[in-house]
Amino acid sequence: MISDAVGGILLASVTLYAVLGGADFGGGLWDLLAGGDRRGREPRRLIEESITPVWEANHVWLVFDLVIFWTAFPHAFAAVMTTAALPLWLALAGIVLRGAGFAFRKEVSGLGAQRVLGATFAFSSLLAPFFMGTVIGAIATGQVPADASHASLSAWTSATSLLTGLLFVGACGYLAAVYLVGEAARRGDHRLRAYFTRRAQAAGIVAGALSLAVLAELHSSNHALFSRLTGRALPLVILAGLCGLAVLALLTAGRPRGVRVLAAAGVAAVIWGWGVAQYPVLLPGTNVTLSNAGAPPATLVAIVVLFVVALVIVGPSFGLLFSLQGRRLLYSDDDSGAALALQPLPSAEPLVQQPRPTEASPAVRTAVVAFVVVDALLRARRRAR
Amino acid sequence: MLGAVSGLAAITAMECGWVVTEVGRQPWVVYKLLTTTAAATTNGGVIASLTFVIVLYAVLGAATIGILRILARRWRRGGPEPEVPYGPPPALQEQSVRGVE
């Protein structure tokens with residue numbers, strides 16, 4: 001069914017936002033916890049250098065998520081936006097403020113102003129994922145009615161929702177710390193590698209515990225979802241757990257190779273586990289499903305086509321961005337080169353399949369040429385009309 | 001002088017064009033399909049959230065202007081160029097400057 005395909009596309013772009021954009025939020029968490037100006041200088045610098053060239057690109061996926069959700073499933077979208085208006089507002093404020101704080105901090109020279117802007121960046125990096133998590137919690141526990149007409153405070157302040165909010169923050173911190181371990185290792189910085197290894201282990205344990213807590217809470221707050229998570233979605237739940245344990249084991253053994261992919265795969269498995277458990281219901285507790293939530297088939301077909309076109313356009317751009325980053329060709333204020341923590345993520349999604357840095361140039365060149373050709377064809381078609 | 005005014009004029013023209021399309025379409029939000037009244041949220045707190053957005057963006061706007069002024073002052077003072085985000089590495093920059101000369 002075409003609506004199932006669009007549902008898959010929606011979940012895929014949510015996954016991309018989580019594993020790429022989520023790590024940016026996590027960077028804010030570690031910036032916040034890095035301590036005083038002097039002690040936190042080195043870690044803050046690694047975080048900043050890793051995030052700077054990619055954070056705007058990573059947040060493209062949020063726009064993608066919202067537009068697909070809105071266009072393909074307008075009834076469900078309206079219900080979620082109305083019921084969870086307040087946390088969505090707060091998440092939006094967090095996104096706006098963290099971007100502003102991050103961009104402005106680089107430009108001001110006084111230490112005081114830098115502290116204020118840095119704190120704005122770091123705090124709002126926590127707000128955004130927390131409130132997004134509470135919204136997902138509200139959806140998962142069936143607190144979003146199909147015919148929502150007003151905002152509800154109790155919908156997103158249940159124990160499950162608040163725990164989901166905390167889980168989102170924990171998962172963001174976990175991804176960021178794991179990516180930063182990989183980045184520090186690549187730079188040969190042993191001190192920072194050990195620093196972020198400790199944090200990645202702690203965040204991994206916290207995120208794992210929070211996942212189990214949410215699962216336990218679901219037992220009472222949405223038993224149907226719970227039984228499907230431990231039923232047909234069980235393989236994905238187990239996969240998520242195995243990925244988390246493998247990351248912890250590799251970090252403890254001091255072998256950071258591949259941990260980034262494993263950590264991202266673990267988070268992706270949690271998201272897809274939720275999707276599989278809920279399928280085909282969009283809003284649990286109602287009869288709103290993928291197939292009856294709104295858009296006519298023509299719209300859904302258009303979305304699938306547009307998604308393919310967007311992949312052709314966005315894929316090569318991301319490939320170029322990540323490979324330039326991987327080869328340290330993007331700016332830095334010293335010789336070390338601004339390499340990126342949010343490295344080529346050979347995650348479950350084919351979208352960000354990056355060529356490895358060393359063999360990037362032919363692949364990237366092909367991608368750029370392909371992009372230019374497609375662009376020229378599209379233009380020619382438009383002119384012909 | 002004219003150059004400085006044209007920057008402002010470009011933004012004014014863009015904003016005016018936007019106002020014309022938005023106001024000109026009323027009372028429709030999607031022409032002949034959906035009225036603005038029907039599309040509006042049924043939630044309360046519209047004034048509160050509008051106020052919140054205005055305050056937030058006023059603060060951000062003021063900060064942006066302030067930071068642009070800081071950058072202009074730093075540039076006028078001379079001294080080492082601050083790093084250009086996403087710019088080429090220093091070695092390449094020097095090459096291109098020499099190339100221009």
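Residues numbered from 1 in each chain as written. Chains lettered and ligands numbered in written order. Predicted model: local features only at pLDDT ≥ 70, side-chain atom pairs only at ≥ 80, totals over all residues. Heavy atoms only, no water.

K.L.:
Could you clarify how one ought to interpret the environment of Val67 of chain A in this entry?
P.N.:
All names here are of chain A. Here Val67 is to be found in helix α4 (residues 60-72). Overall, Val67 belongs to the partly exposed group, its relative accessible area being 39%. When the C-alpha positions of Val67 and Leu10 are compared, they lie 9.4 Å apart, and in sequence the two are 57 residues distant. (Helix = DSSP H or I, 4+ residues; strand = E, 2+ residues; numbered from the N terminus. Buried < 20%, exposed > 50% of the residue type's maximum accessible area, 1.4 Å probe, protein only.)

K.L.:
How should I be thinking about the confidence of the model for chain B in this particular structure?
P.N.:
Note: predicted coordinates in regions of low pLDDT should not be interpreted at a detailed level. Residues of chain B with pLDDT of at least 70 account for 77%, and the chain-wide mean is 80. Both scores are given for the predicted complex: the pTM is 0.80, the ipTM 0.71. (pLDDT = per-residue confidence, 0-100.)

K.L.:
Which parts of the structure should I look at to understand unusual backbone geometry?
P.N.:
What is expected of a backbone is that most residues other than glycine have negative phi and most peptide bonds are trans. The peptide bond linking Tyr279 of chain A to Pro280 of chain A adopts the cis configuration, its omega dihedral lying at -5 degrees. Along the polypeptide, Pro280 of chain A turns up in the loop between α12 (259-278) and β1 (281-283). Backbone torsion omega between Gln26 of chain B and Pro27 of chain B reads 10 degrees, so that peptide bond is classified as cis. With respect to the secondary-structure elements, Pro27 of chain B resides in the loop between α1 (2-24) and β1 (28-30). Positive phi, normally seen in glycine, also occurs at Lys32 of chain B, with a value near 65 degrees. Mapped onto the secondary structure, Lys32 of chain B falls in the loop between β1 and β2 (34-35).

K.L.:
Would you mind showing me how to read the confidence of the model for chain A here?
P.N.:
Summarising the model, chain A shows a mean pLDDT of 83, and 85% of its residues fall at 70 or more. Between residues 333-360 of chain A, whose pLDDT stays under 50, and residues either more than four places distant or in other chains, the model counts 80 contacts. (Contact = heavy atoms within 4.5 Å.)

K.L.:
How do you make sense of the pattern of salt bridges when you look at a structure like this?
P.N.:
Two side chains bearing opposite charge may form a pair once their charged atoms approach each other closely. Residue and element names in this part refer to chain A. Across all of its chains, the model carries 9 salt bridges over all chains by this definition. Put simply, Glu42 and Arg41 hold a salt bridge, and the shortest N to O gap is 3.7 Å. For Glu42, a relative accessible area of 29% corresponds to the partly exposed category. In this structure, Arg186 engages Glu183 in a salt bridge whose closest nitrogen and oxygen atoms are separated by 3.5 Å. Pair noted here: Arg186 and Glu183 are both in helix α8 (residues 159-187), with a separation of 3 residues, about one helical turn. Note on Glu183: relative accessible area 0%, which makes it buried. One network of salt bridges, in which partners are shared, links Arg45, Glu49, Glu183, Arg186 and Arg187. (Salt bridge = Lys/Arg side-chain N within 4 Å of Asp/Glu carboxyl O.)

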